[in-house]
Amino acid sequence: VDDEKKIRELLQLRLSSAGYEVIEAQHGEEGVEQAKKHLPDLILMDVMMPRMDGPEAVRRLEEDPKTEKIPIIFLTAIITKEEESSQVFGTKDHRFIAKPFDPQELLSEIKNTIGA
């Protein structure tokens, strides 16, 4: 879930080449809709987006028993590499990865998060 088309394209290419099925969304509202429709194993989410930001999308996902347990990794430019850590948005700790991100590090974090 990212409003930047180039980020979505990069993630689509990298993740699909690693064997993952990727469903894209342009903003939090669409991300919530897609998550409820497809029930993904993981959500990669930008923080600042139009129509609905990442924290609000997380709040809505956590309100729904069908989507409340989906792990979320935030990809964001609002923190630096040195500030990456688990932070709280909603009721759970979520992993934050600074943009620009290293694709290999992201793949490693995805594997660690979903246990693949």
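Residues numbered from 1 in each chain as written. Predicted model: local features only at pLDDT ≥ 70, side-chain atom pairs only at ≥ 80, totals over all residues. Heavy atoms only, no water.

Peer 1: Mind showing me how you'd approach the overall build of the protein here?
Peer 2: The helix and strand tally for the protein stands at 4 helices and 4 strands. Ordered by position from N to C terminus, the α and β elements of the protein give α-α-β-α-β-β-β-α. Every one of the 116 residues in the protein was classed for burial, and the buried ones make up 40%. Counting only contacts in the protein whose residues sit at least 6 apart along the sequence, the fraction spanning at least 24 positions is 56%. Total accessible area on the protein stands at roughly 6,700 Å², and carbon and sulfur atoms take up 48% of it. (Helix = DSSP H or I, 4+ residues; strand = E, 2+ residues; numbered from the N terminus. Buried < 20%, exposed > 50% of the residue type's maximum accessible area, 1.4 Å probe, protein only. Contact = heavy atoms within 4.5 Å. Areas by Shrake-Rupley, 256 points an atom, 1.4 Å probe, with all protein chains shown as cover.)

Peer 1: What am I meant to see in the pattern of salt bridges here?
Peer 2: If the charged atoms of two oppositely charged side chains come close together, the side chains can form a pair. In total, this model carries 11 salt bridges according to the counting rule given. Put simply, Glu9 and Lys5 hold a salt bridge, and the shortest N to O gap is 3.9 Å. One end of the pair is Glu9 and the other is Lys5, both in helix H1 (residues 5–17) and 4 residues apart, which spans about a single turn. Among the residues examined, Lys5 registers a relative accessible area of 54% and is labelled exposed. Measuring nitrogen to oxygen at the nearest pair gives 3.3 Å for the salt bridge that ties Arg51 to Glu29. Of this pair, Arg51 sits in the loop between strand S1 (43–45) and helix H3 (54–63) while Glu29 is found in helix H2 (residues 28–38), placing the two residues 22 residues apart along the sequence. A relative accessible area of 61% means that Arg51 is categorised as exposed. Residue classification places Glu29 among the partly exposed residues on the basis of a relative accessible area of 28%. (Salt bridge = Lys/Arg side-chain N within 4 Å of Asp/Glu carboxyl O.)

Peer 1: Quick question: what am I supposed to make of the confidence of the model for the protein here?
Peer 2: The predicted coordinates ought not to be read in detail in places where the model reports low pLDDT. Across the protein, the average pLDDT comes to 88, with 85% of residues at 70 or higher. Per-element confidence in the protein is highest for H2, whose mean pLDDT is 98, and lowest for strand S3 (residues 86–89), whose mean pLDDT is 50. (pLDDT = per-residue confidence, 0-100.)

Peer 1: What exactly am I supposed to notice about the pairing of strand S2 (residues 72–76) here?
Peer 2: The side chains of a regular strand alternate between both faces of the sheet. Counting buried residues in S2 gives 5 out of 5 residues, a clear majority hidden from the surface. Burial along S2 is two-sided: the face carrying Ile72, Phe74 and Thr76 and the face carrying Ile73 and Leu75 are both buried. For the handedness criterion, the β-α-β arrangement of S1, H3 and S2 is classed as right-handed. (Right-handed = clockwise from strand over helix to strand, strands pointing away.)

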